[in-house]
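Residues per chain are reported as follows:
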Amino acid sequence: MTNTPLPSPNLPSIDALKQQAKRLRAGLDEDGDFITHSESLELVAKQHGYRDWNTLHAAIGNRPPIKRFQLGSRVKGRYLGQPFKGEIIAIRSMPPDRLRVVLKFDEPVDVVTFDSFSAYRSRVSVTINAEGLTAEKTSDGAPQLVMEAL
């Protein structure tokens, strides 16, 4: 009986896994080790703890990507309790069902609540869920960032 690793609960999308297989195949080709695309898919499945590509594919299913926020989307919300409007200037999918976004605020946001001190941010990089909320919380328990599409 062989010990196979447990499947990861934080799997990338099918498209990301296919890209990983293409990069693996290209890297091996550069070293003179030629494998088929099917073989590279099987190797990627094993790297993630699955018996084969079909099992990995079935485990992921055909989850739709988060479409609510996209590159160039206009958004509004609250960052560290301060209101903002801005634009998504970079975006990347992160497993499971999260997005890493870089926001450029229309007007710099003062992230300090003291009257005698200010610290302005024009740009932030955060990881959000499909609802536009960060997992990280402020001291009062609110998400650090709450965002919605304009």
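Provided above is the structure to which this section pertains.
Residues numbered from 1 in each chain as written. Predicted model: local features only at pLDDT ≥ 70, side-chain atom pairs only at ≥ 80, totals over all residues. Heavy atoms only, no water.

Attention now moves to the environment of Asp110. Assignment of secondary structure puts Asp110 in strand β3 (residues 98-110). It is 9.3 Å that separates the C-alpha atoms of Asp110 and Tyr79, two residues lying 31 residues apart in sequence. Look past the residues within four positions of Asp110 in its chain and what remains in contact with it is Gln82, Phe117, Ser118, Ala119 and Tyr120. In terms of polar contacts, Asp110 uses its side chain to reach the side chain of Ser118, at 3.1 Å. At 3.1 Å, the side chain of Asp110 and the backbone nitrogen of Ala119 are in polar contact. (Helix = DSSP H or I, 4+ residues; strand = E, 2+ residues; numbered from the N terminus. Contact = heavy atoms within 4.5 Å. Polar contact = N/O pair within 3.5 Å; in protein donor to acceptor, adjacent residues only side chain to side chain.)

Our next topic: the side chain of Ser40. With respect to the helices and strands, Ser40 occurs in helix α2 (residues 37-47). What makes Ser40 buried here is its relative accessible area of 0%. Only 3.4 Å separates the side chain of Ser40 from the backbone oxygen of Ala21, close enough to count as a polar contact. If we skip the residues at most four places from it in the chain, Ser40 touches Ala21, Leu24, Arg25 and Ile35. (Buried < 20%, exposed > 50% of the residue type's maximum accessible area, 1.4 Å probe, protein only.)

Residue pairs three or four apart in sequence face the same way in an α-helix, which turns once every 3.6 residues. Those residues of α2 not exposed but buried are Ser40, Leu41, Val44 and Ala45. Down the axis of α2, the smallest arc covering the buried residues is 145°, so these residues share one side. Once α2 ends, the next one or two residues include Gly49, with phi positive near 90°. (Arc of directions from axis to C-beta.)

Under the defined criterion, the tally for this structure stands at 3 salt bridges. For Asp106, the salt bridge goes to Arg74, with nearest N and O atoms at 2.6 Å. One end of the pair, Asp106, is in strand β3; the other, Arg74, is in strand β1 (residues 74-79), and 32 residues separate them in sequence. Given the relative accessible area of 40%, Asp106 is considered partly exposed. Given the relative accessible area of 34%, Arg74 is considered partly exposed. A salt bridge links Lys76 to Glu148; the shortest N-O distance between them is 3.9 Å. A residue pair is termed long-range when its members are at least 10 positions apart, and Lys76 in strand β1 and Glu148 in strand β5 (residues 145-149) qualify at 72 residues. (Salt bridge = Lys/Arg side-chain N within 4 Å of Asp/Glu carboxyl O.)

Okay, unusual backbone geometry next. Unusually for a residue other than glycine, Leu80 sits at a positive phi of about 50°. Structurally, the position occupied by Leu80 is in the loop between β1 and β2 (82-94). Overall, Leu80 belongs to the partly exposed group, its relative accessible area being 26%.

The next subject is the sheet that holds β3. Strand order in the open sheet formed by 5 strands is β4-β3-β2-β1-β5, with antiparallel pairing between adjacent strands. The outermost strands of the open sheet, each flanked by one partner alone, are β4 (120-128) and β5. Going from strand to strand, the sheet's axes swing by 35° on average, the running direction of each strand aside. (Pairing = 2+ DSSP bridges. Axes fitted to C-alpha atoms, helices over the stretch in contact; angles between N-to-C directions.)

Nonpolar side chains in soluble globular proteins generally cluster together in the buried interior. Counting residues in each nonpolar core, the largest one holds 17 residues, and the members touching the most others are Tyr79, Phe84, Val101, Leu103, Ile128, Leu145 and Met147. Elements represented by at least two residues in this core include exactly β1, β2, β3, β4 and β5. The element that contributes the greatest number of residues to this core is β3, accounting for 5 residues. Sequence-distant contacts of Leu145, defined by excluding residues within four places in its chain, comprise Arg78, Tyr79, Phe84, Leu103, Val126, Ile128, Gly132, Leu133 and Thr134. Of all hydrophobic cores here, the second largest spans 10 residues; its members include Ile14, Leu41, Ala45 and Tyr50. (Core = buried A, V, L, I, M, F, W, Y, C linked by side-chain atoms within 4.5 Å.)

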